[in-house]
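Fold and geometry: a report
Residue-level listing of the chains:
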Amino acid sequence: MDTAAYLRSHIRTVPDWPAPGVQFRDITPLLQDPKVFRVLIDAFVHRYMDRALRPDVVAGLDARGFIIGSVVAYELGVGFVPIRKKGKLPFTTVEETYELEYGSATVELHTDAVKPGDRVLLIDDLIATGGTMMAGKKLLEKLGATVMEGAAIVTLPELGGEQRLRSAGLPLYTLVSFDGH
């Protein structure tokens, strides 16, 4: 079994959550089994160990991007910066508001989280509409960093986020694709 199929077999689908018709892709089973968790982390680490793809820092999106991103950063020997929901960071921040299916949300980043010219790997658990990752990319670029790639465990291509992010010039690396949403 290849890595994508192995990881996919450990992602739980929860029907009709958080709303009727939604097929929620739950990654928590990937984290609960130490062998599966290792395979997941290694899939990212082995890619970014390559000198051409090695970031200066990993940025993780609130909240599941923190879990994956911090471990990947640790394994690569680089720093980790959290991109948080508004109101959660104690120091001076920059913020970016983005649209959700019903309403909007705002994410923030400390102004000293990255330096101009830093090559940043932006990581999250899942790409749906791409709004959160796009907001993270914009925040990092406001501070002068270059987002060298966006990475996620899961992509839901039918929701258009993957295409939206690629059209905005963000290379993507994902491990598992699910049809539908």
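Above this text is the structure in question.
Just so it is clear, the model here is predicted, and its values are computed rather than measured. (Residues numbered from 1 in each chain as written. Predicted model: local features only at pLDDT ≥ 70, side-chain atom pairs only at ≥ 80, totals over all residues. Heavy atoms only, no water.)

Our next topic: the overall build of the protein chain. Scanning the protein chain from N- to C-terminus turns up six helices and nine strands. Relative to its length of 181 residues, the protein chain is compact, with a C-alpha radius of gyration of 16 Å against a globular reference of 16 Å. Considering the protein chain as a whole, with its 181 residues, one finds that 45% of them fall into the buried category. A separation threshold of at least 6 residues defines the contact pool for the protein chain, and within that pool the share at least 24 residues apart is 58%. (Helix = DSSP H or I, 4+ residues; strand = E, 2+ residues; numbered from the N terminus. Rg over C-alpha atoms; globule rule 2.2 N^0.38 Å. Buried < 20%, exposed > 50% of the residue type's maximum accessible area, 1.4 Å probe, protein only. Contact = heavy atoms within 4.5 Å.)

Moving on, we come to the environment of Leu76. Relative to the assigned elements, Leu76 resides in helix 4 (residues 64-76). Along the primary structure Leu76 and Val94 are separated by 18 residues, whereas in three dimensions their C-alpha atoms are 26 Å apart. With sequence-adjacent residues up to four places away left out, Leu76 is seen in contact with Val45, Tyr48, Met49, Arg54 and Pro55.

Further remarks concern the layout of surface pockets. Estimates place the volume of the largest pocket at around 1,100 Å³. Phe24, Arg64, Leu100, Leu126 and Ala128 are the residues nearest the centre of the largest pocket, which is lined by 31 residues in total. Taken together, the elements giving at least two residues each to the lining of the largest pocket come down to strand 2 (23-26), strand 5 (93-100), strand 7 (119-127) and helix 5 (131-142). The dominant element in the lining of the largest pocket, judged by the number of residues it contributes, is strand 7, at four residues. Partitioning the lining of the largest pocket into residue classes produces 17 nonpolar, six polar and eight charged. (1 Å grid on protein atoms, 1.4 Å probe; cavity = no way out; pocket = protein on both sides within 12 Å on 5 of 7 lines; lining within 4 Å. Points joined across faces, edges and corners; volume = space filled by probe spheres on them. Nonpolar A, V, L, I, M, F, W, Y, C, P; charged D, E, K, R; others polar.)

Glancing now at the pattern of salt bridges. For the coordinates displayed, the defined rule picks out 12 salt bridges. In this structure, Glu75 engages Arg38 in a salt bridge whose closest nitrogen and oxygen atoms are separated by 4.0 Å. Placement of the pair is Glu75 in helix 4 and Arg38 in helix 3 (residues 34-48), with a sequence separation of 37 residues. By relative accessible area, Glu75 is classed as partly exposed at 31%. Under the relative-accessibility criterion, Arg38 is labelled partly exposed at 44%. Between Glu141 and Lys137 there is a salt bridge; the shortest N-O distance is 2.7 Å. Here Glu141 and its partner Lys137 are both found in helix 5, four residues apart, which amounts to about one turn of the helix. (Salt bridge = Lys/Arg side-chain N within 4 Å of Asp/Glu carboxyl O.)

Taking 1.5 Å as the rise per residue, helix 4 with 13 residues should run 18 Å; its terminal C-alpha atoms sit 19 Å apart, in good agreement. Of all the positions in helix 4, only Gly65, Phe66, Ile68, Gly69, Val72, Ala73 and Leu76 are classed as buried. Where helix 4 is buried, its residues contact helix 2 (28-32), helix 3, strand 3 (57-61), strand 4 (79-85), strand 7 and strand 8 (146-155). Remark: Gly77 follows helix 4 within two positions and exhibits a positive phi of approximately 75 degrees. (Expected span 1.5 Å × (residues − 1).)

Along the chain, Thr93 turns up in strand 5. The class for Thr93 is partly exposed, based on a relative accessible area of 26%. Sequence spacing of Thr93 and Pro34 is 59 residues, and the spatial spacing of their C-alpha atoms is 35 Å. Ignoring anything within four residues of it in the chain, the contact list for Thr93 reads Glu108, Leu109, His110 and Thr111. A polar contact is formed between the side chain of Thr93 and the side chain of Glu108, at a distance of 3.3 Å. (Polar contact = N/O pair within 3.5 Å; in protein donor to acceptor, adjacent residues only side chain to side chain.)

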